[in-house]
Number of protein chains: 4
Amino acid sequence: MEMWFSELHTSNVKISMRIEKQLFSGVSDCQRIDVLVSDEFGKILALDGEILFSEKDEFIYDEMVTHVPMSVHPNVKKVLIIGGGDGGVATALTQYKTIEQIDVVEPDEMFVEVCKEHFPELACGLEDERVNVYIQDALRFLRSKSDEYDLIINDATDPFGYTEGLFTKEFYGNCYKALKEDGIMVYQHGSPFYEEDKEECVKMHRKAYKAFPISRVYQAHIPTCPSGYWLFGFASKKYHPINNFKPAEWKKLGIKTRYYTTNLHKGAFMLPKYVEDMLEEEERD
Amino acid sequence: MEMWFSELHTSNVKISMRIEKQLFSGVSDCQRIDVLVSDEFGKILALDGEILFSEKDEFIYDEMVTHVPMSVHPNVKKVLIIGGGDGGVATALTQYKTIEQIDVVEPDEMFVEVCKEHFPELACGLEDERVNVYIQDALRFLRSKSDEYDLIINDATDPFGYTEGLFTKEFYGNCYKALKEDGIMVYQHGSPFYEEDKEECVKMHRKAYKAFPISRVYQAHIPTCPSGYWLFGFASKKYHPINNFKPAEWKKLGIKTRYYTTNLHKGAFMLPKYVEDMLEEEERD
Amino acid sequence: MEMWFSELHTSNVKISMRIEKQLFSGVSDCQRIDVLVSDEFGKILALDGEILFSEKDEFIYDEMVTHVPMSVHPNVKKVLIIGGGDGGVATALTQYKTIEQIDVVEPDEMFVEVCKEHFPELACGLEDERVNVYIQDALRFLRSKSDEYDLIINDATDPFGYTEGLFTKEFYGNCYKALKEDGIMVYQHGSPFYEEDKEECVKMHRKAYKAFPISRVYQAHIPTCPSGYWLFGFASKKYHPINNFKPAEWKKLGIKTRYYTTNLHKGAFMLPKYVEDMLEEEERD
Amino acid sequence: MEMWFSELHTSNVKISMRIEKQLFSGVSDCQRIDVLVSDEFGKILALDGEILFSEKDEFIYDEMVTHVPMSVHPNVKKVLIIGGGDGGVATALTQYKTIEQIDVVEPDEMFVEVCKEHFPELACGLEDERVNVYIQDALRFLRSKSDEYDLIINDATDPFGYTEGLFTKEFYGNCYKALKEDGIMVYQHGSPFYEEDKEECVKMHRKAYKAFPISRVYQAHIPTCPSGYWLFGFASKKYHPINNFKPAEWKKLGIKTRYYTTNLHKGAFMLPKYVEDMLEEEERD
C-alpha cells in the first residue's frame, strides 16, 4: 500500500518510509503519540509527527548514551534518566549489576503506557526493582536534588516542543547541582549537518561547555536522525571520556551490544573537521 | 515549488529533496545524466535517477578516498582512478605535489563534459598536467597494466548498472596485478544498514578479502548515501591503514580539509559491532 | 503529521491525501482491507491499497447508480446488487418503497463486517428486511438465475483484482439472462481520461454493447476516481435512459439527494467529444 | 527518475505527476514561470508553482470558455481576453471568421514569450492579424473602455496571486461597462468541491450575480484542476446560455473540437445538487 510517513529534516529534505499499519494514535496532555509499523524500520514511535525511535535503529541510541559513560565512571550507583519513558535507556542500564537506583522522570504517562504495550522489549527494564518512574516535570524534580546522582542521562530530544525547558541554562545548572562531585551527564547534542540544525547544536554546546569542567561531543550514525548523523554531549565534573576510559574492565562485564564496542568508543570522539570547527568556534566565543 | 527528487534507498524508504531547477538532462551511451539544483544540497548529479554526488556533501567522499591512503603510503607517484570522470578525486589528489601521474579511466565522455560545465570546482583538477583522462572501459584498460600503480582508487559506485563489470573477481585480480608490490587500492564498499544493501556489502568484502593480504573497511557519514552511512574498502599489499599511518608527515603537507583529520582517520576504522560482525562472518567463510 | 496515502492513477500520476489515523487493517480471504481517516475526504475504505470510496464523495457514486435506473424503469420490484457489501447502494435503494426485494451478492464477509462497523450510515440499509446478503461468488450465484430481476447494479469495480471474473463475456451473458424482459443493468464503466484506463473502458463498452439492445454511457465527477471522472454503463432490454425517463414521477417520491437531480440525469448522458469518439469507434468495430 | 511535481489542492490533498524534464524556469516581474515535461500530461506550464495548464487537458478549458458563448451570441465581432497571454483562447477564437478583433490584455510579457517558444500550437493564434496583445494591467486597460466588446473572456485564474485585482467588484463593474448592450462575459468560477475552494467559488458568484441580469454557472471535467472539476461563469446582459443557444448554426461552422459538442453545451449547465444549493444559497442572500 502506498502509505508513507515522512519526516521533514528541513523544509527542503525529508525521509519517508512506507507504513504497513498504525497500531496506536492518541493525544496525551503533552503531545500526540503514534505507533506505526514500517516495512523498513519495524515499529516506529512518533511524537507530534516526529520519529522518536524505530525498532530497527533505537539500539544505536540506547547503547551510545549508556555504555559510553558507564565505561568511564568507575562506580555508578545512582542514575537519573530525564525523559526516557520508553524505558530503552533504563533497560540498557539494568544490565549493570552495580547500579543500585535508576530514577526515570517522564512527564507523559500515556507515553509510558504506550511503550509498555507496544515496545515491551524496550520498556521491560522499567519493571526492574531498582527503577523508579516519576511522572513529573523534570525541571521541578531536579530543583530539590543536590549531590545525589553519579550519572544523569538526558533522554529528552526535542528542543522546540514541550521539552524546551530542558534545554535552558537553568536546567543545566540544576543538573550540575544534582550530580555528585564526580558525576557525568550525557545529553542529546543534535545533528550538525543541516544549516538549521547546526545552530541548535552549537547553542547546546555553549550551555554545557560553560557549566561543566569537562565537555566533549561524540557521534553515532543513526539512520532515522536528520542526515543519519547524531551527536551526544558528554559533560563531566571529573572523568574524561577517553583518558579515564576503562575498556578492559567494561569488557569483563560481558555485556552484549550491537553498536558499541570499546574500540568504537574511542572512534566516536573523533569528529569530522567541520564538526570540530563548529564546536571550537563556539568555545572561543 | 513542490518539485521533489526522491531516491529510493530500498523499496520502503526514500530520501527526497526539493528541487529548484534542472540544469541539464541528457542520455549518453552509458546512462541518463541529470544536473539538478536542490535547495538543501545545492547542485546534485544523478545517473539513471540515482544521486552520484551533491555539492553539499561530496567533499566527505573525496577526502575519505584520497587522504586515507595518501597518509599511509609513503611514496605515491602514480595513481589510477577508475571512474571518477567528475574529477573530484583527481582534484583532491593534485594537492599532493609528489604525485607525478594520475590516470582517470572513465567510459562516459558526456559525463566528463557535463561535470566540467556544471561542477568546475570539482572537475578543474582534470586540467592539471599530471592528469590523463582515458575515455575507455576500465576492465580493458586494466588488462594491459602490470606492476605500475602505487594507488588505485575505484570511484565507480553502482554494482548493478553499467559498471557492474568493475565488481567481478576478475576485476579485483586485475587491480592487484596493476598495483606495484606495495600498492594500495581503495574502493566503494557500500552501505551496510539496510538488509538489501548488506548483502552487496558483504560480497564486496569477500572479493577484496581474498585478493589482498591486508583488507580493512572504514566508514564515513555521507547524508545522501543510503541511511547516511557509507563504507570504503582499503585493500593493500603491504601497508596497514593504522599501523603504517603517518599522521605527523601528513599534517606537514598543510592540506586543507573539511571532513578528514588524522584523528578521524583512526576513528574511521573503528566500526560498529554490527558491521564488524557482518565482515567477520564473511571472513570466516 | 506527514502521513500520506497515495493512489497511483497511472505509474506517472497520483493523488495523495493526508492521513490522520488508521482505524482498521485486515486481510480477508479476498483482499486487504483498510479503513483510514483522511483530513480532506473523511474516512476512506481501501481494498488492496486502492480507494473504494470515501465518506466525502461516495454519495455521488451511490446516487448515480441508483437514481438513474430507478427514474427510468417504471416498476422495479426485485434488484440484484453484485458486490456492494458496503451497503451504500442497498441503502440508497431502500428509499424506494415499491421495491420488494434487494439481493446483495458479496464474496467478502470481512468487508461487510468492516463496513457495518466503520460506515454504519452506509451499511444500515443491509438491515432492511427486504435486503438479503449472500456471501457468495457472483458468477456462481448468477448461473441459476433466469428472468428474475428488474434491475441489476454491478457495484464491483476492479477489473484486475479478484473481481475480474465479473467482467467477462460470460458474466454479461448471465446478467442478461437473470434480468426480466424489461430489465436494466447498471455497471462501472471506468475512467476514460488516462491512456491506460481508456483501453479498459472501451473493452467494457464492447461487452455490454453486444449483449444488450440498449447500451448507453453516462458520467459523474467523483474526485477520488482517476482524473476525477467516472463513467457508468446503462445496459437495458427495453427502456431508454432518456426517452423513457420519468422526471415528474421521480420528483413525486421526494427522495433527498446531494448530487442527482432530474436535470443532471439528462446532462449525465451528454458526454465530451473525446468520450463519444472513443465509444463510437468501439461500436463500429 | 523519481522527480515529481505536486500541486496541493488543499493542505491535505495533492495531485502529483512524474516529471521527465524542466524546459524553462524564470522569474518575471509578475511571477515565477516554469515549463515542465510530465510523463502523463505532456508539457505543463506552472505559475508560482501552480499548474496553469497542461498539454494533455488544456483543450477542455479553451473549448469551454470559447464555444459556449460563441454558440449563444449571434454576432460576435470584438472580443476582449483578460489574461490569456498563452494564446490558447485567442487561437480557439480565430477559428471564427466573423470575429473582427481580439484584444488580449496580459500583464506578463515573459509569460507570452515563454508560451510562444514552448507551446507554439497554443500561442500561434496571437500572430493572427485580428489579434492585438497589450502588455498591460487589465484593470487600467478596462477603465477607458465603454460599450465596446461583444464578448469578454476572463482567462485570469488565480484570485490570490497578482491577478487578485481582477476579482474585485470594481473589476466586474468595469467589465459590464466595457461590454455592448448585448455583451457576454465568461469567467473562471473555480472548483466547488473542497471546502476552502467552495467559499471562493461562492464569492465569485455573488459579484457576477449582482452585476449582470443573466448569470449562470457551467461545468467541465478538467483533470489537473482541484478535484478534477471546474466551474465557469456565464454573465450576460441579454442572451441566455440555453434559451438563446443556436446549435444548428454553430454546427454549420464545422469547427473541430475534442470536448465541446452542442449536446454537451446543454449538459454543462446541468449541475449537481450540491453545486446548485451552494449557488442558490448565495443568490438568496
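What you see is a predicted model, and the numbers here were worked out from it, not measured in a lab.

A.B. asks: Please provide a residue-by-residue account of unusual backbone geometry, values included.
C.D. replies: All names here are of chain B. Backbone geometry at S227 places phi at a positive 65 degrees, although glycine is not the residue there. Here S227 lies in the loop between β11 (214-221) and β12 (229-236). Its relative accessible area of 6% is what places S227 among the buried residues.

A.B. asks: Can you break down the UniProt feature "binding site: S-methyl-5'-thioadenosine" (unreviewed entry) in chain A residue by residue, with the values?
C.D. replies: Residues and elements named next belong to chain A. What UniProt calls "binding site: S-methyl-5'-thioadenosine" (unreviewed entry) maps, in this numbering, to Q31, E106, D137 and A138. Tracing the backbone shows E106 in strand β7 (residues 101-106). Residue classification places E106 among the buried positions, given a relative accessible area of 2%. A polar contact is formed between the side chain of E106 and the backbone nitrogen of D108, at a distance of 3.0 Å. By the secondary structure assignment, D137 is in the loop between β8 (131-135) and α5 (138-143). D137 sits in the partly exposed class, given a relative accessible area of 42%.

A.B. asks: Can you tell me about the interface of chain A and chain B, naming the residues and giving the values?
C.D. replies: Contacts between chain A and chain B engage 40 residues on the former and 40 residues on the latter. Across the chain A to chain B interface the summed buried area is about 3,400 Å²; carbon plus sulfur atoms make up 62%. On the chain A side of the contact with chain B, N12, F193 and M270 of chain A bury the most area, a combined 19% of that side's loss. Taken together, the connections running from chain A to chain B amount to zero salt bridges.

A.B. asks: Tell me about the relation of the copies chain A and chain B, and please be specific about residues and values.
C.D. replies: Turning chain A through 180 degrees and shifting it by 0.0 Å along the axis lays it on chain B, with an RMSD of 0.0 Å. Taken together, the rotation angle and the small translation identify this as a two-fold axis. Across chain A, the rotation axis passes nearest the C-alpha of G267 of chain A, at a separation of 1.9 Å. In this assembly, 100% of the residues forming the interface of chain A have copies in chain B that are likewise at the interface, indicating an isologous arrangement.

A.B. asks: Go over the sheet that holds β7 of chain A, please, and point to the residues and values.
C.D. replies: Backbone hydrogen bonds hold the strands of a sheet together, and the pairing may be parallel or antiparallel. All names here are of chain A. The strand order β8-β7-β6-β9-β10-β12-β11 describes an open sheet built from seven strands, whose pairing is mixed. Only two strands of the sheet have a single partner each, and these edge strands are β8 and β11 (214-221). The sheet shows a mean angle of 15 degrees between the axes of neighbouring strands, taken without regard to direction. Bridge analysis of strand β9 (residues 149-154) against strand β10 (residues 179-190) gives five bridges, and the strand direction is parallel. Across the sheet, I152 pairs through a bridge with M185, a residue of β10. The sheet contacts of helix α1 (residues 58-70) involve β9, β10, β11 and β12 (229-236), and relative to β11 the element is tilted by about 145 degrees. Running at roughly 175 degrees to β10, helix α7 (residues 195-211) makes contact with β10, β11 and β12 of the sheet.

A.B. asks: Tell me about α7 of chain A, and name the residues and values.
C.D. replies: Between its first and last C-alpha atoms α7 of chain A spans 25 Å; for 17 residues at 1.5 Å apiece the expected length is 24 Å, and the two agree. Where the residues of α7 of chain A are buried, they touch β1 (3-10), α6 (169-178), β10, β11, β12 and α10 (273-284) of chain A.

A.B. asks: Kindly report on the pairing of strand β4 (residues 42-47) of chain A, identifying the contributing residues and their values.
C.D. replies: All names here are of chain A. Counting buried residues along β4, six of its six residues qualify, which places the element largely inside the surrounding structure. Across six bridges, strand β3 (residues 32-38) lies against β4 in antiparallel orientation. Looking across to β4, one finds that V37 is bridged to K43. A loop of two residues connects β4 with strand β5 (residues 50-54), the two strands running antiparallel in sequence, and D48 in this loop sits at a positive phi of about 50 degrees.

A.B. asks: So what's going on with the relation of the copies chain C and chain A? Which residues, and what values?
C.D. replies: Aligned on chain A, chain C shows an RMSD of 0.0 Å; the corresponding rotation is 180 degrees and the shift along the axis is 0.0 Å. By residue overlap, the copies meet face to face through one surface: 100% of the interface positions of chain C are interface positions in chain A.

Each value, and the rule that gives it
- Residues numbered from 1 in each chain as written.
- Chains lettered and ligands numbered in written order.
- Predicted model: local features only at pLDDT ≥ 70, side-chain atom pairs only at ≥ 80, totals over all residues.
- Heavy atoms only, no water.
- Helix = DSSP H or I, 4+ residues; strand = E, 2+ residues; numbered from the N terminus.
- Buried < 20%, exposed > 50% of the residue type's maximum accessible area, 1.4 Å probe, protein only.
- UniProt positions renumbered as here; feature names shortened; annotations may be inferred.
- Polar contact = N/O pair within 3.5 Å; in protein donor to acceptor, adjacent residues only side chain to side chain.
- Contact = heavy atoms within 4.5 Å.
- Buried area = accessible area lost by both parts, 1.4 Å probe.
- Salt bridge = Lys/Arg side-chain N within 4 Å of Asp/Glu carboxyl O.
- Least-squares fit on C-alpha atoms with pLDDT ≥ 70 in both.
- Pairing = 2+ DSSP bridges.
- Axes fitted to C-alpha atoms, helices over the stretch in contact; angles between N-to-C directions.
- Expected span 1.5 Å × (residues − 1).

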